[in-house]
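Each chain, written out:
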Amino acid sequence: QVQLEESGGGVVQAGGSLSLSCAASGSAFRIVAMGWYRQTPGTQRELVAMVTSGGSTNYADSVKGRFTISRDYAGNPVYLQMNNLKPEDTGVYLCNVRGYSGTVSQDVWGQGTQVTVSA
């Protein structure tokens, strides 16, 4: 069974920086993509940033130029560096990993970590 361990987050003033990390563990699990989503009350979960096993990245338009997703050589863990944070970046950030255990595809979510940006 795949498990995710998230760390980082916290409270910061606007213009500040925070970093998140997410590590996946599980035997014989092949990661296809790994990244972060954001959820705020009353809104749908939205993609923040994702990196594939091949190194391709995808960012929400709202964070381009401010956030950077990166990964270790083996593709795990994944890091999200968040700079020039804005109050609208506030939310629960959830790590997501997609991959295969053998031939079985899996889509796994972390419990989430709170990011709060004060004006």
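The structure we're discussing is the one just above.
Nothing here was measured: the structure is a model prediction, and the numbers come from that model.

**So, unusual backbone geometry**
A positive phi angle, near 50°, is found at asparagine 84, a position not held by glycine. As for its placement among the helices and strands, asparagine 84 is situated in the loop between β8 (78-82) and β9 (91-101).

**A few points about the packing of aromatic side chains**
Within this structure, the stated rule accounts for 1 aromatic pair. Taken together, a centroid distance of 4.9 Å and an interplanar angle of 65° make the contact between tyrosine 37 and tryptophan 109 edge-to-face. Of this pair, tyrosine 37 sits in strand β4 (residues 29-39) while tryptophan 109 is found in strand β10 (residues 104-109), placing the two residues 72 residues apart along the sequence. Given the relative accessible area of 12%, tyrosine 37 is considered buried. When its relative accessible area of 32% is taken as the criterion, tryptophan 109 is described as partly exposed. Sitting over the ring of tryptophan 109, arginine 45 keeps its end group 4.3 Å from the ring centre.

Criteria and cut-off values
Residues numbered from 1 in each chain as written. Predicted model: local features only at pLDDT ≥ 70, side-chain atom pairs only at ≥ 80, totals over all residues. Heavy atoms only, no water. Helix = DSSP H or I, 4+ residues; strand = E, 2+ residues; numbered from the N terminus. Phe/Tyr/Trp six-rings, centres within 6.5 Å; stacked < 30°, edge-to-face > 60°. Buried < 20%, exposed > 50% of the residue type's maximum accessible area, 1.4 Å probe, protein only. Lys NZ or Arg CZ within 6 Å of the ring centre and 35° of its normal.

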